[in-house]
Number of protein chains: 2
Amino acid sequence: MVKAADRAKNPAGSSVWLEQRAPRSGGGPAGLDRDRIVAASVRMLDRDGLGGFSMRRLAAELGVTAMSLYWYVDTKDDIIEYAIDTVYREIDLDAVDAGADWRERIRTLALDYRRMLVRHPWMSPCAGQYLNIGPCAIAVGSRIQEAIRGTGLPLSGQPGAMSAVFQFVYGYGTIESQFERRAAEAGMSQDDFYTGSVAAFRDDPQFREALEPMTDILDERASHGSVTDIWERDFAYALDILVAGIEAMVARESAGT
Amino acid sequence: MVKAADRAKNPAGSSVWLEQRAPRSGGGPAGLDRDRIVAASVRMLDRDGLGGFSMRRLAAELGVTAMSLYWYVDTKDDIIEYAIDTVYREIDLDAVDAGADWRERIRTLALDYRRMLVRHPWMSPCAGQYLNIGPCAIAVGSRIQEAIRGTGLPLSGQPGAMSAVFQFVYGYGTIESQFERRAAEAGMSQDDFYTGSVAAFRDDPQFREALEPMTDILDERASHGSVTDIWERDFAYALDILVAGIEAMVARESAGT
DNA sequence: GAGACTCCTTATACGGTGTACGAGGCGCGG
DNA sequence: CCGCGCCTCGTACACCGTATAAGGAGTCTC
């Protein structure tokens, strides 16, 4: 095993996935196991959030002391990297492959990716800080790249298109999951939380002015059903924009500009 | 002042910007001041990152003990929320207003927003976790909303368009700033760091397979100058896609679909 | 059966964190 | 001079990640 202190010496590629070691099997009395540890971590992260996730608490949940975990894992960050890669597996790549054309494949991927981020609100803050080069993350990345390749955009445009679509999904999933988390922490439904927040803002003189020019948008949204419906609708519309934009760029390129 | 423990009781809107208190002026011997604290925090966050930012270290830099800070501020999170709003001020809204049409205004806003995220790599991880309803953040938000309104999209589509553009910018700025941070931590130029990473991946049998189908893209990128140029180019292309997409949706709506 | 060796778990300890609490010191109005 | 507000500090608590070393259980060897 590698001491955490030594890991920092290789900052360029500090990641579990580089310098990989064979997992240690769970022959011990506690029946521990890297997979069991990671699975418990995901459960705990989902339940308690990133702030409520500590080595001691995780160990307690597994009926063991904190230091036992270090037999299977070098650092807490490694566990998080494993957890990240685990949840990437939730994206159903077979369903993506079944898509008829690049439009459908991109939509399926985007929706699945977004759902994954919302299911695991700790993901987006973490994902930004690690390399995300585990096998599952890479499999998803390859599929994204293939889908973009299918658009017919020139090579020089494909990275930009990939960013436009999937950085958007990342950002959207981040906002949505944080909203859901806040509502849950307040013990409210998303609808109650939303209408409560809007009302609170409207009453606060400090925010009334800023809110006023968007009254029409707020009204339109309020008349359009539940908050979760609105999340779906806005996301779908954004994807429509992106698909239309890619189509327009493809047309522009083939027009010889 | 409000004890940190009590703050948690209002999880719905836990933010400095709700329940606001007048800033305490710096009449004390240390010449302290909320503004001075926040300015020092931004400096420290830029230099040492989020992980290197602690109350004790911040206090030391101000020539004071940690507990002194709590006279001006309730919690560490409050400082971060103030810091976030401070850097939003770097987005030049006057330059946005000078834009000729919505295309230019959106482009200016997006570029400024991205630059701000890259200048302050701690921003993106933080921004996702707070409400960002400080005065400067709200001013930027209003300007974004105005710009989107200028596209001529129907009300129902404007939130989606706003997400498509600015969640993308957020995601892109996140990735870019993390890359820059990693390169800096490794003590390399971005170019050296990039080519080194690609080479390392190509040599590692575990990644060779995943990298192989994107050889053409990597070659195209390698032939296209420095990494920073590529960041610019991809970002610009993605913005082109978004603008083209919005135009297409406007045309589609006015065609009466 | 005794010893050694490997695998796993543990106890203890270090240096850090955010921050609650209470004791001061300093300047000012009475 | 006294008290009172403002501001700073010392101390302490609970918690964190993890380095280090010791301990226990099983198995293999002689």
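Residues numbered from 1 in each chain as written. Chains lettered and ligands numbered in written order. Predicted model: local features only at pLDDT ≥ 70, side-chain atom pairs only at ≥ 80, totals over all residues. Heavy atoms only, no water.

Helices and strands together make up the secondary structure of chain A, namely 14 helices and zero strands. Overall, chain A shows an N-to-C arrangement of helices and strands of α-α-α-α-α-α-α-α-α-α-α-α-α-α. Taken along its principal axes, the extent of the C-alpha atoms in chain A is 60 × 55 × 35 Å. Across the 257 residues that make up chain A, the buried fraction comes to 50%. Surface accessibility of chain A: about 11400 Å² in total, with carbon and sulfur atoms responsible for 54%. On chain A, the mean spot of the 28 positive side-chain charges and the mean spot of the 38 negative ones are 7 Å from each other. (Helix = DSSP H or I, 4+ residues; strand = E, 2+ residues; numbered from the N terminus. Buried < 20%, exposed > 50% of the residue type's maximum accessible area, 1.4 Å probe, protein only. Areas by Shrake-Rupley, 256 points an atom, 1.4 Å probe, with all protein chains shown as cover. Lys, Arg positive; Asp, Glu negative; His and termini not counted. Charge placed at Lys NZ, Arg CZ, Asp CG, Glu CD.)

A few words now on the interface of chain B and chain A. Counting residues at the interface gives 65 residues for chain B, matched by 65 residues for chain A. Looking only at chain B, the three residues that lose the most surface to chain A are B:Arg182, B:Tyr237 and B:Ile241, adding up to 13% of its buried area. Summed over the shared surface of chain B and chain A, the number is two salt bridges. Close ionic contact of B:Arg149 with A:Asp216 constitutes a salt bridge, the shortest N to O distance being 2.7 Å. (Contact = heavy atoms within 4.5 Å. Buried area = accessible area lost by both parts, 1.4 Å probe. Salt bridge = Lys/Arg side-chain N within 4 Å of Asp/Glu carboxyl O.)

Every one of the 23 residues lining DNA strand C counts as a neighbour, but A:Ala30, A:Ser68, B:Ser54, B:Arg56 and B:Tyr70 are closest to it. Those atoms of DNA strand C that come within 4 Å of the protein belong to sugar or phosphate at a rate of 60%. Between a phosphate oxygen of DNA strand C and a main-chain N or O atom of B:Met55, the distance comes to 3.1 Å. Here a phosphate oxygen of DNA strand C and a side-chain polar atom of B:Tyr70 are 2.8 Å apart. Among the secondary structure elements, those contributing two or more residues to the surface near DNA strand C are α4 (66-69) of chain A together with α1 (4-7) and α3 (55-61) of chain B. (Near = heavy atom within 4 Å. Polar contact = N/O pair within 3.5 Å; in protein donor to acceptor, adjacent residues only side chain to side chain.)

All names here are of chain A. You can see Arg34 is positioned in helix α2 (residues 34-48). Buried and unpaired, Arg34 has Asp35 as its nearest opposite-charge partner, separated by 6.1 Å. Side-chain polar atoms of Arg34 contact the side chain of Tyr82, separated by 3.2 Å. If we skip the residues at most four places from it in the chain, Arg34 touches Arg21, Ala22, Pro23, Arg24, Tyr72 and Tyr82.

This part is about the protein's contact with DNA strand D. Lining the immediate surroundings of DNA strand D are 24 residues, of which A:Ser54, A:Arg56, A:Tyr70, B:Ala30 and B:Ser68 lie closest. Within 4 Å of the protein, the contacting atoms of DNA strand D are 61% sugar and phosphate, with bases supplying the remainder. One nitrogen or oxygen atom from the side chain of A:Ser54 is found 2.8 Å from a phosphate oxygen belonging to DNA strand D. Contacts to DNA strand D include A:Arg56, whose side-chain N or O atom sits 2.5 Å from a base nitrogen. Of the residues forming the surface near DNA strand D, the biggest block, three residues, is contributed by helix α3 (residues 55-61) of chain A. Broken down by class, the residue content of the surface near DNA strand D amounts to twelve nonpolar, seven polar and five charged. (Nonpolar A, V, L, I, M, F, W, Y, C, P; charged D, E, K, R; others polar.)

Attention now goes to the relation of the copies chain B and chain A. Superposition of chain B onto chain A requires a rotation of 180° combined with a translation of 0.0 Å along the rotation axis, giving an RMSD of 0.1 Å. As the rotation angle and translation indicate, the two copies are arranged about a two-fold axis. Here 100% of the interface residues in chain B have copies in chain A that are interface residues too; the copies meet face to matching face. (Least-squares fit on C-alpha atoms with pLDDT ≥ 70 in both.)

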